[in-house]
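A structural walkthrough
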Amino acid sequence: KTKELIKFKDKLLAISTSGLFEIYDDSAHLVIDEPIDEAIHLKGTDDILVLTYDQRIKLFELSGNIWIEKKAFDPNDIIKDIYQSDNGDIWLAGSSEIFKVKVENGDIIVHNEYKIDNYRFDNILMTSINDTTFFINTQGYFYLDKSVDQLRPYKKWLDKIGLPKNYFSDSHGFFWIY
């Protein structure tokens with residue numbers, strides 16, 4: 001089962017429950033043999049950040065034609081999603097916290113942790129609009145207020161459309177809420 005396709009330089013990669021595949025004209029080759037839930041190409045690097053099915057975060061680097069695991073990372077939370085915002089910030093959505101991480105010299109470092117209301121243990125939709133990062137779950141809409149470095153409720157959407165019952169995003173960055 002293919003979950004998502006991502007472009008990595010001149011390669012097309014398929015994220016799958018069986019691993020990461022490189023797609024060719026008429027075939028696909030397994031390049032990372034591990035069940036993957038999500039993967040993102042870190043902007044400006046030869047690295048991909050992977051969320052495995054057992055909620056582990058791993059950093060892989062393409063060296064020639066071989067993907068090498070550089071680092072495994074455990075933030076002591078169940079990670080449900082990963083996201084890189086338009087400005088390059090890397091986000092991990094946990095069960096009750098959002099982690100802002102940095103990749104420095106091959107290490108994954110937690111830069112900040114933000115508590116979020118998530119008592120239903122929802123997947124948290126993360127998206128960026130005009131350099132503001134938003135976090136959406138069935139408990140509401142939240143954004144990072146950079147002036148105080150805190151997550152704040154975003155009342156404009158709540159007042160206009162109410163609490164989200166369901167939500168999703170696509171590979172082009174569009175998101176839908178209903």
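Now for a look at the structure at hand.

What counts, and where the lines are drawn
- Residues numbered from 1 in each chain as written.
- Predicted model: local features only at pLDDT ≥ 70, side-chain atom pairs only at ≥ 80, totals over all residues.
- Heavy atoms only, no water.
- Patch = residues over 30% accessible without salt bridge, like charges linked within 9 Å, V, L, I, M, F, W, Y side chains within 5 Å.
- Areas by Shrake-Rupley, 256 points an atom, 1.4 Å probe, with all protein chains shown as cover.
- Salt bridge = Lys/Arg side-chain N within 4 Å of Asp/Glu carboxyl O.
- Helix = DSSP H or I, 4+ residues; strand = E, 2+ residues; numbered from the N terminus.
- Buried < 20%, exposed > 50% of the residue type's maximum accessible area, 1.4 Å probe, protein only.
- Polar contact = N/O pair within 3.5 Å; in protein donor to acceptor, adjacent residues only side chain to side chain.
- Contact = heavy atoms within 4.5 Å.
- Pairing = 2+ DSSP bridges.
- Axes fitted to C-alpha atoms, helices over the stretch in contact; angles between N-to-C directions.

A contiguous nonpolar surface patch, about 470 Å² in accessible area, is contributed by Phe168, Phe174, Trp176 and Tyr178. Among the structural elements, Phe174 can be located in the loop between strand S17 (167–169) and strand S18 (175–177). By relative accessible area, Phe174 is classed as exposed at 52%.

All right, on to the side chain of Ser16 then. Its location among the elements puts Ser16 in strand S2 (residues 11–16). Here the side chain of Ser16 touches Ser18 through a polar contact of 2.9 Å, landing on its backbone nitrogen. With near-sequence residues (within four places) excluded, Ser16 lies in contact with Lys1, Thr2, Lys3, Phe21, Pro35 and Ile36.

It is worth spelling out the sheet that holds strand S1 (residues 2–8) at this point. On the basis of which strands lie adjacent, the open sheet formed by four strands has the order S1-S2-S3-S4 and antiparallel pairing. Of all the strands in the sheet, the pair left with one neighbour each is S1 and strand S4 (28–32). Strand-to-strand twist in this sheet, taken as the mean axis angle between neighbours without regard to direction, amounts to 30°.

With burial as the criterion, each face of strand S9 (residues 81–84) is covered, one bearing Asp81 and Tyr83 and the other bearing Ile82 and Gln84. When S9 meets strand S10 (residues 90–93), the two strands line up antiparallel, connected through four bridges. Across the sheet, residue Tyr83 finds its bridge partner in S10, namely Trp91. Where S9 folds back onto S10 in an antiparallel hairpin, the turn is made up of five residues, including Gly88, whose phi is positive at roughly 95°.

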